[in-house]
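# Commentary on secondary and tertiary structure
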Amino acid sequence: MNINMTIIGQIIAMIVFVAFCMKYIWPPIITALDERRAKIAEGLAATDEAAKALELANVEAASITDKARGQASEIIEAGNQRGVQILSTAKDDAVAERERQVTAADAEIQQSANHAREALRQSVATLAILGAEKLIKKEIDPKTHEQLLEKLIAEI
Amino acid sequence: MASENGTLTSGEYIRHHLTNLTYGQNPDGSWSFAENAEQAAAMGFWAIHVDTMFWSFFLGAIFCWVFRRVAKKAEAGVPSRGVAAIEFIVEFVDTSVRETFHGTSKLIAPLALTLFVWILLMNTMDLIPVDIIPSLAMLVGIEFQKVVPTTDINATLGMALAVFILIIFFSIKIKGVGGFMGELTGQPFAAEKLHWKIIFAPINLMLELVGLIAKPLSLGLRLFGNLYAGELIFILIAMLGLAQLPLHFGWAVFHLLIVLLQAYIFMMLTIVYLSMAHEKH
């Protein structure tokens, strides 16, 4: 247990190691640790922000979906209405067309009947004149009685 | 331990284990290795414990090498396990320093780290079975070998003295010579009037000097005492024959605590003393 120069040797050793640590060990490790701490803090903050953004996006997505759903139902509604409208228009058109055709057919029928009647009347008149001519050839002068005959035709 | 000259008495065995490998100047002026404890004692101050210096330098170099490797690899990314383990120690020391020392100093944190790891490594040498390294040394012809530097009072007092020099240096740097002297003479007995101040000054100085000198002494002797006693008990256990095995294990487990605790205490007290030196009253 002698106190001797070892004490000085130990002080020198300590100075050497502390100096080495101060220069080459402590600063890089502490810098790295601080940087990592900052990085982790950044990462956590970014996570928080991302979570918030996600929440906002979810809300926005929900509102967009709602809006789209509303629009879709509006469109369907309008489509339905349009369909009904088209249907009723078509029905009206059809009714009108039918009426027009019926009217036209009626008119045609009428016209044909008139024609037939006219023709019949002519034939009857001719026949009547021929018959009368044969019966009363001598006494009846066609020229004096033509007027009378036409009056007769018109009455048939 | 068995030596070439037959069996040793237990007293000789213990004595052999507690003698450093000493190289120094003999009283007749020649330089040589001491062949026994008496010759080593006769060398006085001009001698050096080669084993203490070798092991403390060796362990300090291991500290520097391991931590330097990590310092080179350290980056802000994800650390590997080894790097993380070393960074854990650094962070632990850094927290200890921040909690105790509130000033700014580029020296104190690296100093605390160096002291903690270095002393821890030196103390851990105590867990190597006491006969292994001395026996190997003897095979290559080295008579004495004390492998735990912290069981050498020169090593612990050397470190304590370095801390003491730093205490004085920072006290004067922060407070100035006048402020430091005022601290030494102005308390614990404080007075308003000048003549009382003058009367109290020498009393205060004596009390404060005792306190000041007690710091490095207690720092060095505490570490030395704990480790020396631990080593001594390891040596005593080693003489018990087969019964030493469970005892050795038990004491080693207990000693693990002392190894770690003493390194921590030395570091913390260094920080506390230096932060006291930084404080103005």
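Above this text sits the structure in question.
Below is a summary of the structure that appears in this document.

## Focus on the pattern of salt bridges
Tallying each qualifying case throughout the model produces eight salt bridges over all chains. We note a salt bridge from Arg-37 of chain A to Asp-34 of chain A, for which the minimum N-O separation is 3.4 Å. Of this pair, Arg-37 of chain A and Asp-34 of chain A are both found in helix 1 (residues 6–135), three residues apart, which corresponds to roughly one turn of the helix. Residues Asp-66 of chain A and Arg-69 of chain A are paired through a salt bridge, measuring 3.6 Å at the closest nitrogen-oxygen approach. A residue pair is termed a helical-turn pair when its members lie 3 or 4 positions apart in one helix, as Asp-66 of chain A and Arg-69 of chain A do in helix 1 at three residues. Salt bridges sharing common partners tie together Asp-34 and Arg-37 of chain A together with Glu-91 of chain B.

## Here's the deal with the interface of chain B and chain A
Taken together, the contacts link 53 residues of chain B with 30 residues of chain A. Interface of chain B and chain A: buried area, both sides summed, is about 3900 Å²; carbon and sulfur atoms make up 75% of it. The three residues of chain B that bury the most area against chain A are Phe-45, Ala-76 and Asn-154 of chain B, which together make up 15% of that side's buried surface. There are two salt bridges connecting chain B and chain A. For Glu-87 of chain B, the salt bridge goes to Arg-36 of chain A, with nearest N and O atoms at 2.8 Å. In this assembly, chain B and chain A are joined by 10 residue pairs in polar contact (both at pLDDT 80 or more).

Calculation criteria
One numbering rule holds for all chains: residues counted from 1, following each sequence as written. Labels are handed out in written order, letters beginning with A for the chains and numbers beginning with 1 for the ligands. Totals for whole chains, interfaces and linings use every residue, but because this is a predicted model, local features are given only for residues with pLDDT of at least 70 and side-chain atom pairs only at 80 or more, for both listing and counting. To get the side-chain values, all heavy atoms of the structure are used, and hydrogens and water are removed first. Here, a salt bridge means any Lys or Arg side-chain nitrogen found within 4 Å of an Asp or Glu carboxyl oxygen. Only DSSP runs of H or I with at least four residues qualify as helices, and only runs of E with at least two residues qualify as strands; both kinds are numbered from the N terminus onward. What makes two residues a contact is simply this: any of their non-hydrogen atoms within 4.5 Å. Summed over both partners, the accessible surface that disappears when two parts come together, traced with a 1.4 Å probe, is what is meant by buried area. We call two N or O atoms a polar contact when they sit within 3.5 Å, provided that within protein one can donate a hydrogen and the other can accept it, with sequence-adjacent residues counted only if both atoms are side-chain atoms.

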